[in-house]
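Coordinate inspection notes
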Amino acid sequence: MVAAMNDRAAPLMDLETTGSGLCLRLRGPQTVANARALAAKLDQQPDSGAVELDLTEVGRLDTAAAFVLVSFRDRREQAGQEVTFTGLRAGHQSLLDTVARSLPSPTTEPKTPFTFTDALARVGEVIAGGVKFILALLGFLGLFLARLARTLRHPSEFRFTSLVHHAGAVGLGAVPIVALMAFLIGVVLAFQGSTQLRQFGAEVFVVDLIAISILRELGILLTSIIVAGRTASSYTAAIGSMKMHEEIDAMRGLGLDPATVLFVPRILALVITLPILGLVANVMGLLGGGLMAWIDLGISPAMFITRLVNGTDINHVIIGLVKAPVFALIIGLIGCHAGMQVRGNAESLGRMTSSAVVRAIFAVIVADAAFSIFFAQIGM
Amino acid sequence: MATVELDNIKKRFGGTQVIHGVSTAIEDGEFIVIVGPSGCGKSTLLRMVAGLESVSEGEVRIDGERVNEREPMARDIAMVFQNYALYPHMSVRQNMGYGLKIAGLPKSEIAAKVDEAAALLQLEPYLDRRPRELSGGQRQRVAMGRAIVREPKVFLFDEPLSNLDAKLRVQMRLEIRDLQNRLGITALYVTHDQVEAMTMADRMIVMNAGRAEQIGTPLEVYERPQTLFAAQFIGSPSMNVLDATMQDGVLHLGGATMPAPTTATGKVTVGLRPEHAIADPEGPLSLTVQMGEPLGANTLLHGRIGDGSEAFTISLPGVHHATAGERIAFRVLPENLHFFDPETGARID
Ligand SMILES: Nc1ncnc2c1ncn2[C@@H]1O[C@H](COP(=O)(O)OP(=O)(O)O)[C@@H](O)[C@H]1O
Ligand SMILES: [Mg+2]
C-alpha cells in the first residue's frame, strides 16, 4: 500500500503488517499543518486487529496531531481493538497524556451501581446538610434578636424609614393577592362542603366547616405561602445583589452593621404585617364562604353570622393568628440568610433566590404541622 | 498616615487554607501593590487587613497596634471596590458624605469635606447626579471620594480599575497614584494586571497560591526575580523558560554554548526575557520563526529555539519582516540570563 506521500502537508507514514495486526510507522513532524491529512490517513486503515503506532521517527508533535492520535486510539479501543504507542520520547508521551486528560469524557456516563452504602451516604449527607442549615438559621435568629435588643437600647440606630418601606412593600403590596386568594378558598370550601353535607341534610354545618378551616389553618397557612413566595425571594434577591456588588462590605467599612441595617427592618416588617395579612385573609375567606353558602345553600348572611358567632370558638382565631409571627420570622430569616449566602456571580444569586422560596415554604408547612401537634397535645 | 504590618498571616476557609503565611511591613505613605493571578488570595489578604474577613492565624498591625479583633470601622481604613459599591438611590453628594453622616458629623462639616474631595477628584459638576448617570470612571472616582472624605489611615483598593476600558484604566492609574501621593496616605492596592502593578507600585507583593513569592520594588522584581513564578508573571510578553545544563562554567542552551556567570551546576532552568534578545547574525542562539506580531515600536517573533521544539519569543526593536520558517540569529548578554532551580523554582545567582 502507501509507503510515503509526496504532498508537503501529508504525514509521512509507513505501513507494515505484523503477526497480530498493523504497525503504522509515523515519520517527520506531526503538527497542525498535516493533522487533517493524518486523521484521514488513520481513518483509511482497515479496522481489524491490534494497531501499533510507532513514533520513533516523529520529530515535532503538537497538540493537534496528538489529539488526532489520542482520539484514534479512543475510537479503536471503544470498538474493542487495542492500540499501542511505541517509540515515544518523554516529551511526546507527556503531550499525549496531557491531551488525553483534557479531552471531554464521553457524554454517556457509565452507570455506577447504586449500592446500599451509597444510599446510606446520601441520606447522611442530606441530614447533615439539613442540620447545618438549621443551626445556621438559629445563629441568624440569635443575631436578629441581639440586634433588635440593641436597637431597643439605642433607638437612634433603628431604621424606621426602612421598616415603613418594607412593611408597605411586604404587607400593603400583598393585600390584593392575599384577599383574592382567601376569597376564592372560601368559595371553594363552601361549594365542596355543601355538596358533601347536603347528602346528610347537614347543610348548616358548612358554616362551621368554613370558619374552622379558614380561621384555624388555611387563612394563615396560605397567606404565609404566598408571602414566602413573594417576600423571601425579594429579600434574597435584594440582599444577594448587594452582597454580589460588595455593597455589604462597603457598608461594614462605613461602620454600618448589615444585620441592623438590612435584616432587622425587613424581618420586623414581616412580623408586623403577616398577622394583619392573616386577618385580611380570614375576613375575605369568610366573606367568600358566606357568599357561596348564601347562593348555593340559601343560608342567609344573618344566619351565617349567628351560626359563626355562636358555633365557633374564639380559640380558632387565636390559634390561627398566634402562628403568624412565627411564620413571619421563619420566612424573613430564610430570605435574609439565603441572600448572605450569595457568592460573587449572578448564577448563585438565581440559585439562592429560588432555593430561598422552596425552603421558606417547606419550613412554614413543617412549622404548621408542629403547631397542629402542639395544640392537639394541649387540647386546644 | 500609618504603617501596616502583616505578621505571618494565614487564612483558612473551613478545611482549605488559602493564605499560607504572608509577612511584610509597609511604611508610612507607601503604595503597595498585591499582584497575582486570579484566585491566588489577593482579595482575601486585603479583606483581612480591612477586617471584612477574620484572620485565622498571625497578626495585622496598623501603626503598631494589633487590629485583628477590630471592626472595619474601628481600623481607620477606607476601601474601594471593583464594583464601586455606591448606593444607587443616593446622589453623588450623599454617597460621598454618607460615612460621615453615620459617624455623626455636623452637616456643615460634611458639606465642606465633600466639596473639598469633589474638587480634588473633579467631581463638582456631578454632585447632584445619581451613580447610574455617571460613567464607570466617574463612579470609581465617587467611590474614591467616599474613601477620601473619611481621611483614613490606610487606603485599600480591590481591583478598582477592572471594570473600566483600557484607555480609561491608564488614565485612572495615574490619577490614583497622583492622589495618593498628594494625600500621602498608605495604600494597599490589589490587581491581577502586572502592568498596573509595575507602573503604580512603590513595592509589590507577587502572590501565587496564597504565598508571597517576592516582595520588592517593580524593578527589583523585574531584574532579579526570586522565583520562576515571579519571573514569568512580571513582564510582558512573559519570560522564556528553557531547560539547560551548566558544565564547567559553560551553559548549554538551545543547541548553543555560552559562558554564564552563575554558581549553578548540572541541570538548570534558564529564564530569558524576550526584550533582552539582541539580533546578531553572529549570535550563538537562533529562532525558527512561526509567527510575527508587529506592534509598531517593536516586533514580537514567536517560534522555536534552535532545532528544538520549545516555544520561544523574542522582541526586537522596530519593524521586522520575518516569514514563517526563517531563522533569526541572536545573542543575549550574560547578565540578562536568569537561573532557577528546576526542582524548587528558586533563583540561583
Ligand atoms: N468566603 C469564602 N469561602 C470559601 N472559599 C473562599 C471564600 N472567599 C474566597 N475563597 C477562596 O479563596 C481563594 C482566594 O480567593 P480570592 O482572595 O478572592 O482570590 P483573588 O482575589 O486573588 O482572585 C479562592 O480559591 C477562593 O475560592
Ligand atoms: Mg479578587
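Residues numbered from 1 in each chain as written. Chains lettered and ligands numbered in written order. Predicted model: local features only at pLDDT ≥ 70, side-chain atom pairs only at ≥ 80, totals over all residues. Heavy atoms only, no water.

1. What about the site of ligand 1?
All names here are of chain B. In plain terms, the rule: Proximity criterion: a residue is near a molecule or strand once any of its heavy atoms comes within 4 Å of it. Identification of polar contacts relies on pairs of N or O atoms within 3.5 Å, with a donor-acceptor requirement for protein atoms, meaning one able to donate a hydrogen and the other able to accept it, and with residues adjacent in sequence counted only if both atoms are side-chain atoms. All accessibility values rest on the Shrake-Rupley procedure with a 1.4 Å probe; residue burial counts only the protein chains present in the view. Helix and strand definitions follow DSSP, with helices as H or I runs of at least four residues and strands as E runs of at least two, each counted in order from the N terminus. Think of it as three bins: nonpolar holds Ala, Val, Leu, Ile, Met, Phe, Trp, Tyr, Cys and Pro, charged holds Asp, Glu, Lys and Arg, and polar takes everything else, Gly as well.
The local shell around ligand 1 consists of Phe-13, Val-18, Pro-37, Ser-38, Gly-39, Cys-40, Gly-41, Lys-42, Ser-43 and Thr-44. Here Cys-40 contributes a backbone N or O atom positioned 3.3 Å from an oxygen atom of ligand 1. In this structure, an oxygen atom belonging to ligand 1 sits 2.9 Å away from a main-chain N or O atom of Lys-42. Burial of ligand 1 by the protein amounts to 60% of the accessible area it has alone, namely 560 Å². Considering every element that reaches the shell around ligand 1, the biggest residue donor is helix H1 (residues 42-50), with three residues. For the shell around ligand 1, the class distribution of residues is four nonpolar, five polar and one charged.

2. Details of the UniProt feature "domain: ABC transporter" (unreviewed entry) in chain B
Here is the rule: UniProt positions are given in the numbering used here, feature names are shortened, and annotations may be inferred rather than shown by experiment.
In the UniProt entry, the feature "domain: ABC transporter" (unreviewed entry) is given for residues 4-234 of chain B. Here residues 4-234 of chain B runs as 36% helix and 26% strand, with 25 Å between its end C-alpha atoms.

3. Some points on the confidence of the model for chain B
Residue and element names in this part refer to chain B. The cut-off we apply is this: For every residue, the pLDDT score states the predictor's confidence, bounded by 0 at the bottom and 100 at the top.
Averaged over all residues, the pLDDT of chain B is 90; the fraction at 70 or higher stands at 100%. Considering each helix and strand of chain B separately, the mean pLDDT is smallest for strand E13 (residues 256-259), with a value of 85, and largest for strand E3 (residues 31-35), with 95. Here the predicted complex carries an ipTM of 0.78, next to a pTM of 0.75.

4. Overview of the domain arrangement of chain B
Frequently, the measure chosen for interface size is the accessible area removed from exposure when the parts meet. Residue and element names in this part refer to chain B. Here is the rule we go by: In this document the domain limits rely on a domain assignment from an automatic tool or a database. A contact between two residues is defined here by any heavy atoms of the two lying within 4.5 Å. Here the quantity called buried area is the total loss of accessible area, with a 1.4 Å probe, experienced by two parts when brought into contact, counted for both.
Looking at the assigned domains, one finds that chain B contains domain 1 (4-233) and domain 2 (240-348). Centre-to-centre, using C-alpha coordinates, domain 1 lies 38 Å away from domain 2. Listed by partner, the interface residues are ten residues for domain 1 and ten residues for domain 2. For the pairing of domain 1 and domain 2, the buried interface totals around 840 Å² over both sides, and the portion due to carbon and sulfur atoms is 53%. The largest per-residue losses of area from domain 1 upon contact with domain 2 belong to Tyr-222, Pro-225 and Leu-228, which jointly make up 58% of the total buried on that side. Where domain 1 touches domain 2, the interface holds six residue pairs in polar contact (both at pLDDT 80 or more). Elements represented by at least two residues in the side of domain 1 that touches domain 2 include exactly helix H7 (218-223) and helix H8 (228-233).

5. Description of the interface of chain B and chain A
Let me state the cut-off plainly: Salt bridges, as used here, are contacts in which a Lys or Arg side-chain nitrogen is within 4 Å of a carboxyl oxygen on Asp or Glu.
Contacts between the two partners involve 20 residues from chain B, matched on the other side by 15 residues from chain A. Regarding the contact of chain B and chain A, the summed buried area is about 1,600 Å², with carbon and sulfur atoms giving 56% of it. In this structure, the connection of chain B to chain A is made through one salt bridge. For A:Asp249, the salt bridge is made with B:Arg47, and the minimal N-O distance between the two is 2.6 Å.

6. Looking at the confidence of the model for chain A
Averaged over every residue, the pLDDT of chain A is 87; the share at 70 or more is 93%. Confidence drops under pLDDT 50 across residues 1-10 of chain A; counting only partners more than four residues distant or on other chains, this segment forms 17 contacts.

7. Let's talk about the packing of helix H6 (residues 175-198) of chain A against helix H7 (residues 206-244) of chain A
All names here are of chain A. Definition in use: Lines fitted to C-alpha atoms define the axes here, with helix axes fitted over just the stretch in contact, and angles between the N-to-C directions of these axes take values from 0 to 180 degrees. Less than a right angle of anticlockwise turn of the near helix away from the far helix marks a crossing as left-handed, whereas a clockwise turn marks it as right-handed.
With their axes 9 Å apart at the nearest point, H6 and H7 run at an angle of 145° to one another. You can see that H6 and H7 cross each other, and the crossing is right-handed. Where H6 approaches H7, its residues Ile-177, Val-178, Met-181, Ile-185, Gly-186, Leu-189, Ala-190, Gly-193, Ser-194 and Leu-197 are matched on the opposing element by Val-206, Leu-209, Ile-210, Ser-213, Ile-214, Leu-218, Leu-222, Thr-223, Ile-226 and Arg-230. Residue classes in the contact of H6 with H7 are distributed as 14 nonpolar, five polar and one charged.

8. Thoughts on the pattern of salt bridges
All names here are of chain B. Definition in use: Only protein chains enter the calculation, and the probe is 1.4 Å; a residue is then buried if its accessible area is under 20% of its type maximum, exposed if over 50%, and partly exposed in between.
The tally for this structure, following the rule as stated, stands at 32 salt bridges over all chains. Measuring nitrogen to oxygen at the nearest pair gives 3.9 Å for the salt bridge that ties Lys-42 to Glu-159. Taken together, the residues span a long stretch of sequence, with Lys-42 in helix H1 and Glu-159 in the loop between strand E7 (154-158) and helix H5 (166-183) at a distance of 117 residues. Two residues, Arg-93 and Asp-128, come together in a salt bridge whose shortest N-O distance is 3.6 Å. Of this pair, Arg-93 sits in helix H2 (residues 92-102) while Asp-128 sits in the loop between helix H3 (107-120) and helix H4 (136-148), placing them 35 residues apart in sequence. Taking relative accessible area as the criterion, Asp-128 reaches 60% and is therefore assigned exposed. Each of Glu-5, Asp-7, Glu-59, Arg-61, Arg-66 and Glu-69 takes part in a single network of salt bridges with overlapping partners.

9. Regarding the nonpolar core
Let me state the cut-off plainly: Here the nonpolar core consists of buried residues drawn from Ala, Val, Leu, Ile, Met, Phe, Trp, Tyr and Cys, with membership extended through side-chain atoms lying within 4.5 Å.
In this structure, A:Phe263 and A:Phe327 are the most contacted members of the largest nonpolar core, which totals 53 residues. Listed by contribution, the elements that provide at least two residues to this core are helix H4 (116-153), helix H5 (160-170), H6, H7, helix H8 (247-253), helix H9 (258-297), helix H11 (314-340) and helix H12 (346-377) of chain A. For this core, the element with the highest residue contribution is H9(A), accounting for twelve residues. Those residues in contact with A:Phe327 that sit more than four places away from it in its chain are A:Ile220, A:Leu221, A:Ser224, A:Leu274, A:Val364, A:Ala367, A:Asp368 and A:Phe371. Core analysis: the next-biggest nonpolar cluster, separate from the first, contains 44 residues, B:Val92, B:Leu123, B:Leu134 and B:Ala187 among them.

10. Overview of the pairing of strand E10 (residues 211-216) of chain B
Residues and elements named next belong to chain B. Stated precisely, the cut-off is as follows: In short, DSSP must find at least two bridges between two strands for them to pair.
As defined by bridge partners, strand E9 (residues 203-208) adjoins E10 across five bridges and the pair is classed as antiparallel. Its bridge partner being in E10, Met-207 is matched across the sheet by Ala-212. In textbook terms, the turn of a hairpin is the stretch between consecutive antiparallel strands, and for E9 and E10 this stretch comprises two residues, one of which, Ala-209, has a positive phi near 45°.

11. Observations regarding the sheet that holds strand E17 (residues 298-305) of chain B
Residues and elements named next belong to chain B. Taken in spatial order, the five strands make up an open sheet running E15-E19-E16-E17-E18, and their pairing is antiparallel. The sheet is open, and its two edges are formed by strand E15 (278-279) and strand E18 (311-317), each paired on a single side. Of the strand pairs in this sheet, strand E16 (residues 285-294) and E17 are connected by seven bridges, and their pairing is antiparallel. Counted as the bridge partner of Gly-292 is Leu-301 from E17.

12. A few points about the domain arrangement of chain A
Domain annotation for chain A reports domain 1 (3-101) and domain 2 (148-377). Centre-to-centre separation of domain 1 of chain A and domain 2 of chain A, based on C-alpha positions: 68 Å.

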